[in-house]
Structure formats: C-alpha cells, structure tokens
Amino acid sequence: MRLWRDIYIQGITAWFLQTVINSQSLWEEMLQNKGLTVIDVYQAWCGPCTAMQPLFRKLKNETNEEKILHFVVTHTLSFYHTVDSEEELRYEGPSEACFTCAQDSPNRRRQVHTHIKSTGLKGRAEADNIVTLQSFRDKCEPVFLFSVNGKIIAKIQGANAPLVNKKVITLINEEKKIAAGEMVRPQYPDILLIELEKTRKKPERERYSIAIIKPDAVLKRKAQEIKEKITMAGFVIEAEEKTMFTEKQVRDFYSQIADQPDFEEFLSFMTTGLSNVLIIAQEKEQDQVEENETELKETSEPPTESEVKKWDSLQKYLEQQHISQFCDVEDDEANVTKFTDVFFPDFKIAKGKKLQRTLALLRPDLLEKQDDVLKVIKDEDFEILMERQIVLSEEEAKMLCKEYEKENYFEALIEKMTRSPSLALVLLRENCVQHWKELLGPRTVEKVSEYHAESLCAQFAMGNLPINQLYGSDSMEAAERDIECFFPPENTLALIKPHVTREQRAEILKLIKEEGFELTQMKDMLLTPEQVGKIYFQITKKDFYKDIVEVLSEGQSLVMVLTKWNAIVSWRRLMGPVDPEEAKLLSPDSIRARFGINILKNAVHGSTNHYSATVNSNALFEEDAGEE
C-alpha cells in the first residue's frame, strides 16, 4: 500500500500533462489536434514509459508552445479521459492498492478531474483497445508516434531520450517556420499502422536442424569455412558447441547406421576428436513486412536472388558444395530435440535472452571510484567476463577517444590516457551494448541535462576534462573488435594424461568450459616418444624425462589447444602446482589437487610460455591441418 501511495504523490503532476486515449473514437478525436502530438503507445498490462517523463516535462517548460506541442508524460496509474463527473473518474492500473490510494484523497481526485476537463488532448494511447494500434498489441517495448495535424509522420521505438528530444525540437521548429511562411510543409512518408498487421505474415513455428562438423574437418581447420558457407546459403547458426562425443552418444545419435560393417571404425573416429555441433535455422524471409523506421537507420538494399540463393535443404546444399562428407545433418524433429537437450539444455532460454558482450572502459581519473562503478554494473545485472588494468598505447587511446579528436583538449586527453592506467572490462547481459550506452549518457558533461541526471556521465563527472569518464562500444560489431583489441585471444597446449578416468576427463572438460576457454583443437591419441619429446623439448636432458615418457605411453592422452585471453597463465592457474600434494595445500580446487596421484601422474600438462605453446601445438596439430 505504501509503495503505491508514494507513487501517487510523486506522479500527480505527471498526470496533469496527459490524457489516456483508450478507444478508437478518442484516438480519432485526438488526431484533430493542431501542431505536434507525441504519443506513447503502451498496453494496460505493462504501463506507459515512465523513463521519458523528465524529457517531456523539460520540453514543455523550455519550448513553451502549448498551442502546437502536445506530448506524453507517462505513469503507471491511468485515468480515462471521458469523464463528466468526479464519480465517473475511473482508475485502471496494476493493483487494487493503487485504486485505494486514489480513493483515499477526494481532493486530489477533484483536482485531477478539473485539470483533465480543462486540458487539450495531449495523449498516451493503449494499444489494447484501439483498432488503429492493433499491430502493437502484445509488445512491451516503448513506441512513440509523432502526429502533425492529424497525420502520423514518424515513429521511434525504444526509450531513446536524445532521439525523441531531437525529433520534437526539429518538428516544432518546422511548425514555427511554416506558420511564419518561411517554408512549405514537407511531404512526409506514410507510417503504416493498421496495414502493417494485415500484411505481416503470421509467424510460423521455427524449425531447426542439427549439423555436426566431424573431427576430420575440425583437425583440417575446415570448420570455419563450412560455417561461412552455411550462413551464405541463407541459414542461421543459432548455437554452437564444441565437444568430443562419448561412445554412448555416438551409438545413440547414429543408431540408424549401427548395423553397417564399418560402424565400429566410425565409432572410434567420432570419439577421438573434436566435433562442432550446430543448431541451424532457416533465415527469415526478406519479404516479411518490417516496421517503418524513419529515424537514424539507413537500411541497405536486400540482396537479390542472383546474389544469394536461398536453400530449403541444408543437406542438399552441402552435397552441392562437395562438403557433405565433413558434416552430418539431422532434420528429424525428435532427434533434433534429443541433440538440443543434450548439448544445448538452455537453448530456449538463451535464445529468448539474446545475450551480448560489450567493452566498457573506466578512464584513469575514475579508477579511484571504480568500486562504485562496479557496484552499478552489478546492480544492472551485467556479468564481468574479463577485466584488466591497462596503460593504453597512443594508437589505442586515439581509437577510444576518436569522438573528441576535434576538441581543443584532445591532446591533453591522449596524454592522460597513455600515462595512467585505465580499467577495461568485458560485460555480458541481455541487450548489453544498448543498455550500457544508455547508462553512460552523453559524451561530455556539458550535454548532461535533466533527463541524463541519472547517467553515469553525470554521476561520475570528475577530473579537469569535460568528458564522460566511461567508454562503451557503439555496436555489436564494434564491441567484438574492441574486445579482440584489448583482450586478444591466446592459444595454449593442454594435455590430460592417461591415468585420468573417463569420468574425471568429463569433469576436467567441464571446468575448462566454465573458465571460459574455447576448445580450438582436441584429439585422443597415444603419444609416441618422438611426440613426447616435442612437447617436453625443454627438459629432455633431465634425469626424470624417461619416467615422463613411460607414464605418457601407458595409454591415450587427450591433447587440446585451448583459446582465450591470457590462456597460458589461466590454464596454469587452473592446473595448480606440479606436485598434487603441494596443490592440495596451496590450491585445493585446482585440477592437480583433485585428480593428481603423484608428481608424474599429476593429471594434466600445459605450455609454460607463448613459444612453447606454439611449438607444442604445431608439433601435434599442424600435420593434421596440412592433410587434404
């Protein structure tokens, strides 16, 4: 009760700036407005966009154009516009507590009623009850429509305050010039609303296929080429998992060929190397009607049929490309479900969330408050995947500060960025790039306004330069480039020794995945003395070297190339000290502490530096990669 009472008190001025449009007749009446009307299209179940209230209030106060500017101030408490008496003043909203709160204050009800009766149509519209807005039903993303003299001339999706602000000011200035005879009213393109729903194809249930890029293709480094061909043919790779099949999985998934004479050989082949398992979907048709975007984005022309041929069958396409021997395809719905449940148990959840990564950077002046920033990051549900303090090179600093290059303080900024450390972070969450950009706010402190008051730029303004003390990538593509620049991937050789059981192997592989390593290469092999010598080339003269050769010749070793930023150090930390007994004391959660027996049978091995990682990897995988 107290929560909604507080909202009521805080929001009452917001209601005075709006009228709820909840029927087709009121919608048509609103379109008789002269000048510009900004309409927040929302649904009763999710409420209007409260985040835009400060902007609309600011625009009303600064423009002072009551006759030609009608705008929305949103709030979760709603009152109908058509009221003839106080008793008819009805509430609709999220809970009975709100209604009780409104009833508790008859004076406020009278005040609200009087104001609504005397106010022109400045509205927000419920998509649920208005025929014209049926295409927005069941969508919770904020949508703002712009009506000029009764014609919808533009639309903005999302609570993008700077864009809405720019659009309103531009249209108001146009209306002033038109009224003064300084310009002719532009011919605006039509914004489809009712027609949009009629012409959009009904969504069909998405069907998936499973593609398995087999171990020989992975060893020969053909996997990336195959994936590129698949996407060029009009298919979408929704998810990918690199794995070594167990014997049980091969017998289960390939049961249809189990009676063939060479099945046991095939079984050995599939269980001794790394496979790529992909979930594949057919790319959505280009002719599905897209919502008309009139702001910001310039859409490129879709490719013609002569440029890209869309294939209905992935199997037929692979055969036509002469690569079907490297990739098996499963289309049967039951089998696809079985694969998905085993290798992608969270696929439906992950697909719905659309997780993204972005690069965030705290500039040098802000490091003294990094704990406060990290708390904000945590509170906003970001996961920090990687972090490092770094003193930027001049090239890196100029890349990150490019937006300031025309400012007179640019050289001072570059000097500061290259002399003191910054904190670079890789963040993960749903809609990560856009959400981080919205939190950052404007590029300079000078552009902080009322609706940016809660931005990180405003909260952490410091230092003697008027810049935003935080950086974020501009797009998903830029984010991946930034991440690769500041967290360049590194390879290391990893080896699981013969004494480790199959069950322990599985646990170690799980640990590797949880630590963020990518399995770039992997194969199960009986190491020859020559191969052991290439792996341990730095200690072949030591007295205990022959004991190492003997241990590694006792059975199959699982040899891997692991990839991530700082991979060599990260893998050695995960392995723990060489002696398992020491590992149990110093690093009890390490692999050697958990699975090592003695200093020779200590479960795992890893390269010591970049040179040995390169030599080791080349010795064991280059020969396979060279085979065609």
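Rules behind the numbers
- Residues numbered from 1 in each chain as written.
- Predicted model: local features only at pLDDT ≥ 70, side-chain atom pairs only at ≥ 80, totals over all residues.
- Heavy atoms only, no water.
- UniProt positions renumbered as here; feature names shortened; annotations may be inferred.
- Pairing = 2+ DSSP bridges.
- Helix = DSSP H or I, 4+ residues; strand = E, 2+ residues; numbered from the N terminus.
- Axes fitted to C-alpha atoms, helices over the stretch in contact; angles between N-to-C directions.
- Buried < 20%, exposed > 50% of the residue type's maximum accessible area, 1.4 Å probe, protein only.
- Arc of directions from axis to C-beta.
- Contact = heavy atoms within 4.5 Å.
- Phe/Tyr/Trp six-rings, centres within 6.5 Å; stacked < 30°, edge-to-face > 60°.
- Lys NZ or Arg CZ within 6 Å of the ring centre and 35° of its normal.
- Polar contact = N/O pair within 3.5 Å; in protein donor to acceptor, adjacent residues only side chain to side chain.
- Core = buried A, V, L, I, M, F, W, Y, C linked by side-chain atoms within 4.5 Å.

- The name given to the protein chain in an unreviewed UniProt entry is Thioredoxin domain-containing protein 3 isoform X4, with the source organism recorded as Heterocephalus glaber.
- The UniProt entry for the protein chain carries the following comment under Sequence similarities (unreviewed entry): "Belongs to the NDK family."

Describing the sheet that holds strand β14 (residues 383-390)
Hydrogen bonds along the backbone pair up the strands of a sheet, which may run parallel or antiparallel.
Piece 1. Across the sheet, four strands lie side by side as β14-β15-β13-β16; this open sheet has antiparallel pairing. Strand pairing shows two members of the sheet lacking a second neighbour, β14 and β16 (470-472), which therefore form its edges. Taken pair by pair, the neighbouring strands of this sheet meet at an average axis angle of 20°, ignoring direction.
Piece 2. Sheet analysis places β14 next to strand β15 (residues 422-430), joined by seven bridges and oriented antiparallel. Residue pairing in the sheet places Met386 in a bridge with Val426 of β15.

A short note on helix α23 (residues 545-552)
Piece 1. When we look at burial in α23, the residues that qualify are Tyr545, Ile548, Val549, Val551 and Leu552. Down the axis of α23, the buried side of the element spans an arc of 165°, and every buried residue falls inside it.
Piece 2. Elements in contact with the buried residues of α23: β17 (489-496), α22 (529-535) and β19 (557-565).

Details of the packing of aromatic side chains
Piece 1. Applying the stated rule across the entire model yields 15 aromatic pairs.
Piece 2. On the basis of an interplanar angle of 50° and a centroid distance of 5.8 Å, the ring pair of Phe253 and Phe343 is categorised as tilted. With Phe253 in helix α10 (residues 247-253) and Phe343 in helix α13 (residues 333-343), this residue pair connects regions lying 90 residues apart in the sequence. Here Phe253 matches Phe343 in class, with each residue buried.
Piece 3. With centroids separated by 6.2 Å and ring planes inclined at 90°, the aromatic side chains of Phe517 and Trp571 adopt a geometry described as edge-to-face. Placement of Phe517 in the loop between α21 (502-514) and β18 (518-525) and of Trp571 in helix α24 (residues 567-575) is noted, with a sequence separation of 54 residues between them.
Piece 4. Note on Phe517: relative accessible area 7%, which makes it buried.
Piece 5. Following the ring pairs from residue to residue traces out a cluster consisting of Phe245, Phe253, Phe339 and Phe343.
Piece 6. The ring of Phe621 carries Lys523 above its face, with NZ or CZ at 5.2 Å from the centroid.

Some words on the side chain of His435
Piece 1. In this structure, His435 sits in helix α18 (residues 432-440).
Piece 2. A polar atom in the side chain of His435 sits 3.2 Å from the side chain of Arg429.
Piece 3. Dropping the residues within four chain positions of it, His435 is found in contact with Glu380, Phe382 and Arg429.

Observations regarding the nonpolar core
Piece 1. Core analysis: the biggest nonpolar cluster contains 40 residues, and Met560, Trp571 and Ile591 have the highest contact counts within it.
Piece 2. If one sorts the elements of this core by residue count, α24 sits on top with four residues.
Piece 3. Not counting the four nearest positions on each side in its chain, Ile591 is found in contact with Ile508, Leu511, Trp571, Leu574, Met575, Gly596, Ala603 and Val604.
Piece 4. Counting 22 residues, the second largest nonpolar core, distinct from the first, contains Leu359, Leu400, Val426 and Phe486.

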